[in-house]
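Chains, contacts and geometry: an overview
The lines below spell out each chain.
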Amino acid sequence: MTDDHIEIRGLTKRYEGGDPGRPALYDVDLDIRHRHFVSLIGPSGCGKSTLLRVIAGLESHDGGRVSLFGQTPLQMCRRKAVGLVPQTPALLPWLTVRQNVALPSKVNRRARRQGDSPDELLRAVGLDDAAHRYPHELSGGMRQRVAIARAFGLRPDVLLMDEPFSALDEFTREALQLQLLALWQSRATTVVFVTHSVHEAVTLSDRVVVMSARPGRVHEVVPVDLPRPRDREAVTGFRTNGLEQRVRASLQGAWESGAAPDDLVRR
Ligand code: ADP
């Protein structure tokens with residue numbers, strides 16, 4: 001039964017021109033439950049962005065299977081059921097904040113039918129006062145808020161976020177984490193979130209997927225049993241019940257177990 005989760009089995013991805021003995025992703029197995037918040041963490045180059053792009057239907061794969069609630073990534077992509085928030089928000093500079101957030105409902109029937117109003121979304125990310133400003137008048141954190149509000153405007157079944165907060169200062173980052181959690185909790189969205197921060201992964205997620213490099217694989221999935229809703233106290237850092245140490249140890253193990261290409265050839 002795959003209708004209630006994202007199911008990835010034996011996923012392998014090689015880039016053209018890349019080393020065939022070192023695929024970007026190799027034999028990745030992963031299950032992500034509906035409405036779960038899952039983080040991907042691992043060393044640079046272990047395939048986190050590639051995995052997001054394959055799930056988003058933006059990148060093909062060579063082997064294995066990816067099912068998003070019983071559909072292929074391309075089917076989901078055509079239905080506009082998958083949203084992607086990159087590290088650097090791509091806002092349209094000639095549109096105001098409100099017009100940027102309203103864009104999905106202008107161009108997409110699904111968003112018009114199911115989405116929240118742009119004003120509700122702006123309120124949710126604390127930007128109601130900036131509705132008539134233009135992107136160049138905003139700070140980095142404000143631009144990322146607009147991108148998140150716009151992504152939720154599509155009412156995506158799956159929201160993929162690729163290090164969305166990595167360029168922000170700590171205080172802004174914490175504020176956005178809380179707003180993201182509130183938006184996610186009130187909507188039926190499954191989030192897959194790439195981060196380099198162990199603390200961010202643990203405080204936001206239901207599960208932390210630790211990946212290893214050379215080639216990119218799932219090393220371990222660490223369940224996070226912290227209660228929800230998670231408030232400022234949880235996000236700003238205490239009582240993570242040793243989970244951060246657990247993820248750090250797993251990352252160390254992933255680093256030490258990086259498979260050599262010869263191992264792959266023998267498999
Ligand atoms: P991460 O997001 O974990 O840093 P990526 O998914 O960006 O990792 O990259 C995984 C591997 O695939 C890296 O070795 C990278 O060099 C390679 N790679 C990524 N994109 C391309 C591409 N378009 N063409 C060739 N190789 C790529």
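The sections below set out a description of the structure shown in this document. (Residues numbered from 1 in each chain as written. Predicted model: local features only at pLDDT ≥ 70, side-chain atom pairs only at ≥ 80, totals over all residues. Heavy atoms only, no water.)

1. Topic: the nonpolar core
Counting 33 residues, the largest nonpolar core has Phe-37, Ile-148, Phe-152, Met-161 and Phe-193 as its most contacted members. Elements supplying a minimum of two residues to this core: α3 (97–107), α5 (118–124), α6 (140–153), β6 (158–162), α7 (170–185) and β7 (190–194). For this core, the two domains that each supply at least three residues are domain 1 (33–58 + 70–81 + 160–266) and domain 2 (92–156). Among residues more than four places away in sequence, those in contact with Phe-152 are Asp-116, Leu-121, Leu-159, Leu-180, Leu-183, Trp-184, Arg-187 and Thr-189. Val-28, Ile-55, Met-76 and Val-158 belong to the second-largest nonpolar core, a separate cluster that totals 28 residues. (Core = buried A, V, L, I, M, F, W, Y, C linked by side-chain atoms within 4.5 Å. Buried < 20%, exposed > 50% of the residue type's maximum accessible area, 1.4 Å probe, protein only. Helix = DSSP H or I, 4+ residues; strand = E, 2+ residues; numbered from the N terminus. Domains from an automatic or database assignment. Contact = heavy atoms within 4.5 Å.)

2. Focus on the packing of α3 against α6
The contact between α3 and α6 brings their axes to 7 Å, and the two run at 25 degrees. Our classification of the angle between α3 and α6 gives roughly parallel. The handedness of the crossing between α3 and α6 comes out as right-handed. Residue-level contacts link Val-97, Asn-100, Val-101 and Pro-104 of α3 to Val-146, Ala-149, Arg-150 and Gly-153 of α6. Tallied by class, residues from the contact of α3 with α6 come to five nonpolar, two polar and one charged. (Axes fitted to C-alpha atoms, helices over the stretch in contact; angles between N-to-C directions. Parallel < 35°, antiparallel > 145°, perpendicular 65-115°, else oblique. Left-handed = near helix turned anticlockwise from the far one by under 90°. Nonpolar A, V, L, I, M, F, W, Y, C, P; charged D, E, K, R; others polar.)

3. Digging into the site of the ligand
In the neighbourhood of the ligand, the contacting residues comprise Tyr-15, Ala-24, Pro-43, Ser-44, Gly-45, Cys-46, Gly-47, Lys-48, Ser-49, Thr-50 and Arg-53. Within the contact set of the ligand, an oxygen atom lies 3.0 Å away from a backbone nitrogen or oxygen of Gly-47. Contacts to the ligand include Thr-50, whose side-chain N or O atom sits 2.5 Å from an oxygen atom. Taken together, the residues of the shell around the ligand sort by class into four nonpolar, five polar and two charged. (Near = heavy atom within 4 Å. Polar contact = N/O pair within 3.5 Å; in protein donor to acceptor, adjacent residues only side chain to side chain.)

4. What about the sheet that holds strand β5 (residues 82–85)?
Spatial strand order, β5-β6-β7-β3-β8-β9: six strands in an open sheet with mixed pairing. Each of the sheet's edge strands pairs with one partner strand only, and the pair in question is β5 and β9 (217–223). On average, adjacent strands in this sheet sit at an angle of 20 degrees to one another, irrespective of strand direction. Pairing of β6 with β7, which is carried by five bridges, proceeds in the parallel orientation. Counterpart to Leu-159 in the pairing with β7 is Val-191. Sheet strands in contact with helix α1 (residues 48–56) are β3 (37–41), β5, β6, β7 and β8 (207–212), and its direction is about 155 degrees off that of β6. With respect to the sheet, helix α10 (residues 243–256) is in contact with β3, β8 and β9, its orientation differing from that of β9 by roughly 165 degrees. (Pairing = 2+ DSSP bridges.)

5. Focus: unusual backbone geometry
Following Arg-214, the chain continues to Pro-215 via a peptide bond in cis, the omega torsion being -5 degrees. Along the chain, Pro-215 turns up in the loop between β8 and β9. The omega torsion of the bond from Arg-228 to Pro-229 falls at -5 degrees, within 30 degrees of zero and hence cis. Secondary-structure assignment places Pro-229 in the loop between β9 and α9 (232–235). Here the phi dihedral of Asp-27 falls at roughly 55 degrees; this positive angle occurs in a residue that is not glycine. Assignment of secondary structure puts Asp-27 in strand β2 (residues 25–33). Taking the relative accessible area as the measure of exposure, Asp-27 reaches 26% and is therefore partly exposed. The phi dihedral of Arg-214 falls on the positive side, at around 55 degrees, and the residue is not glycine. With respect to the helices, strands and loops of the structure, Arg-214 is situated in the loop between β8 and β9. For Arg-214, a relative accessible area of 47% corresponds to the partly exposed category.

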